[in-house]
Amino acid sequence: MTEISGGPFVVATILKVVVFFTLLILSIALGTYMERRLAAFIQDRSGPNRVGPIGLLQVVADGLKNLLKEETWPSAAYKGFFLLAPALALIPGTILFAVIPFASPAPTRWGYVDMIVADVPIGVLYILAIASLGVYGVVMAGWSSGSKYAFLGGLRGSAQMVSYEVGLSLSLVPVLMLAGDVRVPEIVTLQQHYPGDATTLGVWLVAPLLVGTFLFYLTGLAETNRLPFDLPEAEAELVGGYHTEYSSMKFAVFMMGEYGHLITTAMLVTVFFFGGWDIPFWSGDNIRVAADGSLIGEPAWWKTLLTLIAFVIKGGLVFATFIWVRWTLPRFRYDQLMDLGWKFIIEFVTIYIIVIAVAIYALDRAGLAFGPAYAAALLGVNVVLAVLLFFLFDRGRLIRGAGREAEREARRRLLEARRQVRQQTLSHALGESARLATTADDSSEEGR
Amino acid sequence: MTRATADVSPQLVVGHRRDGEDPESHASVIALRGEFEDAVRRVETDAIGTAVVTVDPERAFEVLRYLYAAPGQAYDLLVDVTGVDIGGGRPIRVWYQLWSMGHGRQLRVVAELPLEKLELRSVTPLWESANWMEREVYDMFGVTFRGHPDLRRILMPENYEEGFPLRKDFPLRGRFSRSEQTRRALSRDLEDVYARAELEMAGVPLDELGMLDVPPDRRPEELVGGQDALEGKPMLLNMGPQHPATHGVLRLVLELDGERILRCTPHIGYLHTGFEKTCEYREWNQVVPYTDRMDYLAPMLYNIGYALAVESLLGIEVTPRCQVARVILSELNRLLGHLLWIGTTAIDLGAFSVFLYTFQERERIYNLHEAYTGARVTTSVTRVGGMLADFPPGWMDAAWDFVRTFPNTLAEVDRLLTRNAIWISRQQDIGAIGPEEAVSFGLTGPNLRASGVAYDVRKARPYLGYEEYDFDVPVGVHGDTYDRFLVRFEEMRQSLRILEQALDRLPDGPIDIEDYSVVLPPKSEAMGSIDSMIAHFKLVMEGIQVPAGEVWYSIEASKGELGVGLVSDGGSKPVRCRFRGPSFINLAALPFMVEGELVADVLAVNASLDIVLGEIDR
């Protein structure tokens, strides 16, 4: 079967854009609902359960409420940028969706349809490029609000997202080294099991790249400003952070942007490390595009549907772990976060890339063919690294922040200085009466 | 017994009813008699036997300095400074309540100030804690403290023009009419009210404003080189009074270099309702509801502290059942306070779920409150001489049920937080205060114990029979935020231990004393016997008559030492009703703890101090 082309291709693409954009917006809405329900479950309460069946229409009610709320314009705000910022926060998160394959190709009368909005040849690079645009919304909102809290939030946001961007990009390098391609569907294919095919690994990348998965997940959390990395908004410190001054729909758009980003991140984790739409232990979904554009495998509509369901379940589970983390952990402090990003994650990812590269080279030289055995060997390397990582990654070593020697020293000096000041005032007050020294001696005997 | 000097104007009689203790045998009194023969005007005891030394105001500083510095005295904790005005043009008395950790001694030094010369020398060089307390005395009584580093109004607005509210010549409703008050409040330019830090930053010459300047060497950041790295102006961040993490209407003005704090100036008084003034116009039992509203997070502790103070003035002791009941309620409320603290601390540091876990437990304690008093927060549980009622049937079982199941939640929270790497890194080494500083700042309660000073009123001066309970006082080592967390956490376990013992030993018998001049006789008796009926009538119409005298009684509240200072002239209303809220003094140490830290640490430290604005602003 060949790929759909010509007029039907245009129609199919437009249909895909419309349908899947709608689905994405819907999933953002459901994402907020899921977050609230799961948070409620974790916190031993009910959560929204009044509007509609099991509270599902709560999101509609929220949307309506936000539309009807008063629009506020802070007098100190720069109007244009203030309005632009929410849009800039929402767009990158949603257009990332374009390059993510979410199901196996579907057959039609005119040829097969790739279940991906745009299969651009630079898929992964596109993802990294667009993901880093997300920071503009935060910076612009923080700066244009004309509020100090928003400003601090914007500053933190820009610093944080720029720093973790590096770690995020680097943690994908091992994936690309294994895939040998930056097209996203190739990465899914790589994880499918084709017996006897030496171009695929046949194992989800989470196994051969265990540590890489962890790093990508971690930096992904930081990129999306989720707890424990939600410092740009840190409601306890900065009231609302960069969106302190926003209200009504403008605020809702920020929220949508955040969840859009989050859902996309969950999907990226799924695609890169959990096989994308691949259904495990079943070779029926082994459908891929050959080099000449023809389709290998037997596409079917029901298979497309099944793989879509598999994809949604996997993405949903990853999303659920985001929620789980958020409602369990406390928040980092800003400097600790930066330390973790610059002094640990970037170094460690670099080392990781080198180790994996050497391992791949060694395995290739050893003549081991791509396949489960190859993956198992890499897994061994990862386990060793993971042990090292979690040994190093413990408290007092990396997340120490306040415990750093230089800071300890500065703190000690400050305390010493204060003691001196106090001693000076005290001795000044005491020194006034020369009599005191003698009376003190007398009374000490008396006291005994 | 006393050797009052002749130049003193007519005084309110200080109680002498407890003859057991002779103040002249107090070691400090002997020493003062020897050292300051001419400065000591009178020596008396108050209702609980604390020696009260009235001294010449001119030499009060000298006396206090001696008491602070002489090794045989070593009164290192200045617990309270407050004023007492008894009206009629008589002098204003300024109380200095002292406690010596080393010698375990209590002493009250009183300076009598004639109205025409309301001036004292500030003792802030000796005790840092005097700073805010002297400001309060200045604010409420108009006593000027020479050499005070920052003598501004503290609870009332800085441009308050009606006078000094706690003076007897100040009418309860204020000097200005309601309309005038409203007019002034509305026409006031809010921007007029600046803190010194703000004015300094704006380059306003402080002399012109008549504000005393801080000598430059008192600013620690200049000693360590201060803001060296980058040139530029520090940023002023106004945190509060409406801020999600200031635990009430607290306003902190932060001077920031990046996110590092150069200076922190707390502003309080937004919730000031003049409880102490109002209490002077209420009968003794009518004061109880006001006490709820001070520490509304652990209301019964305030109820109990107040009742104990009045009972000590009356010279009565409550029934054994009432004592144990009060211990049960005290410890339940200690848990209530600590649970709120742990929940809000967790929220400030981003761990939201813990907040809901602890609030579930708080709700269960509130259920117990409700079952007993009918109210969940404003309990007003005590009456002078007893409680509002005996425990309702089944209440003890419910309390036992709580005590048995509560440790599960405690263990859960422990697992979530205590060894969490982020939690530790957010708290360890943050806001550290050493034992000497902690004592000097007058910290009490868990905040002081976290710095390694094992001072707990329940052990130091046991009340309600606390000496018969088996419990430990946990102390910290580093005095940082994390140690304060650990100390409070352990205190909850100790409270549970006390609760178990108290629930176990609650004796049968009446809960109220049977003195019908203090507690209402039961209705059946009031209707049946003429004596009881007269007693009932007099109590309802006139209230309890408390003999003239004064007392400063303190208990261990959940946040620290709660001192209740009462002065009675023999009537049915207090002449002075002082509440030494521990949070008020604990909060004064906040700038010391946070300067040099980051913005996020302000919240961690502020949360770890466990303040409640109701008791700070009163």
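Computed from a predicted model, the values in this text were never measured in an experiment.

Thresholds applied
Residues numbered from 1 in each chain as written. Chains lettered and ligands numbered in written order. Predicted model: local features only at pLDDT ≥ 70, side-chain atom pairs only at ≥ 80, totals over all residues. Heavy atoms only, no water. Pairing = 2+ DSSP bridges. Helix = DSSP H or I, 4+ residues; strand = E, 2+ residues; numbered from the N terminus. Axes fitted to C-alpha atoms, helices over the stretch in contact; angles between N-to-C directions. Core = buried A, V, L, I, M, F, W, Y, C linked by side-chain atoms within 4.5 Å. Buried < 20%, exposed > 50% of the residue type's maximum accessible area, 1.4 Å probe, protein only. Disulfide = S-S within 2.5 Å. Contact = heavy atoms within 4.5 Å. Buried area = accessible area lost by both parts, 1.4 Å probe. Salt bridge = Lys/Arg side-chain N within 4 Å of Asp/Glu carboxyl O. Polar contact = N/O pair within 3.5 Å; in protein donor to acceptor, adjacent residues only side chain to side chain. Nonpolar A, V, L, I, M, F, W, Y, C, P; charged D, E, K, R; others polar.

Q: Describe the sheet that holds strand β15 (residues 574-580) of chain B, listing the residues and the values that go with them.
A: All names here are of chain B. Taken in spatial order, the three strands make up an open sheet running β13-β14-β15, and their pairing is antiparallel. Here the strands that pair on one side only, and so sit at the sheet edges, are β13 (549-557) and β15. Strand-to-strand twist in this sheet, taken as the mean axis angle between neighbours without regard to direction, amounts to 15 degrees. Alignment of strand β14 (residues 560-568) against β15, held across six bridges, turns out to be antiparallel. Each residue of the ladder has a partner; that of S568, found in β15, is P574.

Q: Could you give me a rundown of the nonpolar core, with the residues and numbers involved?
A: In this structure, F272 of chain A together with Y96, V143, Y306, W395 and L566 of chain B are the most contacted members of the largest nonpolar core, which totals 277 residues. Looking at this core, the element that brings in the most residues is helix α10 (residues 320-348) of chain B, giving 13 residues. In terms of nonpolar packing, the next biggest core, distinct from the first, is built from 12 residues, A77, Y242, Y246 and F254 of chain A among them.

Q: Just give me the short version of the state of the cysteines, but keep the residues and values in it.
A: Residue and element names in this part refer to chain B. The full count for this structure, using the stated rule, is zero disulfides over all chains. Free of any disulfide, C279 has its nearest cysteine sulfur in C577, 4.3 Å distant. Look at C577 and you get buried, because its relative accessible area is 0%.

Q: Tell me about the interface of chain B and chain A, and please be specific about residues and values.
A: If you look at the interface, chain B gives 72 residues, while chain A gives 55 residues. Between chain B and chain A lies a buried interface of about 5400 Å² when both sides are counted; carbon and sulfur atoms form 57% of it. Among the ionic pairs, R333 of chain A bridges to D601 of chain B, the shortest N-O distance being 2.9 Å. Where chain B meets chain A, there are nine residue pairs in polar contact (both at pLDDT 80 or more). Classifying every residue of the side of chain B that touches chain A gives 39 nonpolar, 14 polar and 19 charged.

Q: Tell me about the pairing of strand β1 (residues 40-45) of chain B, and name the residues and values.
A: All names here are of chain B. Taking burial as the measure, the six residues of β1 include six buried ones, the bulk of the element. In this structure, β1 lies alongside strand β2 (residues 51-55), joined through five bridges in antiparallel fashion. Bridging across to β2, T45 finds its partner in A51. Linkage of β1 to β2, two consecutive antiparallel strands, is achieved through a turn of five residues, within which G49 is found at a positive phi near 90 degrees.

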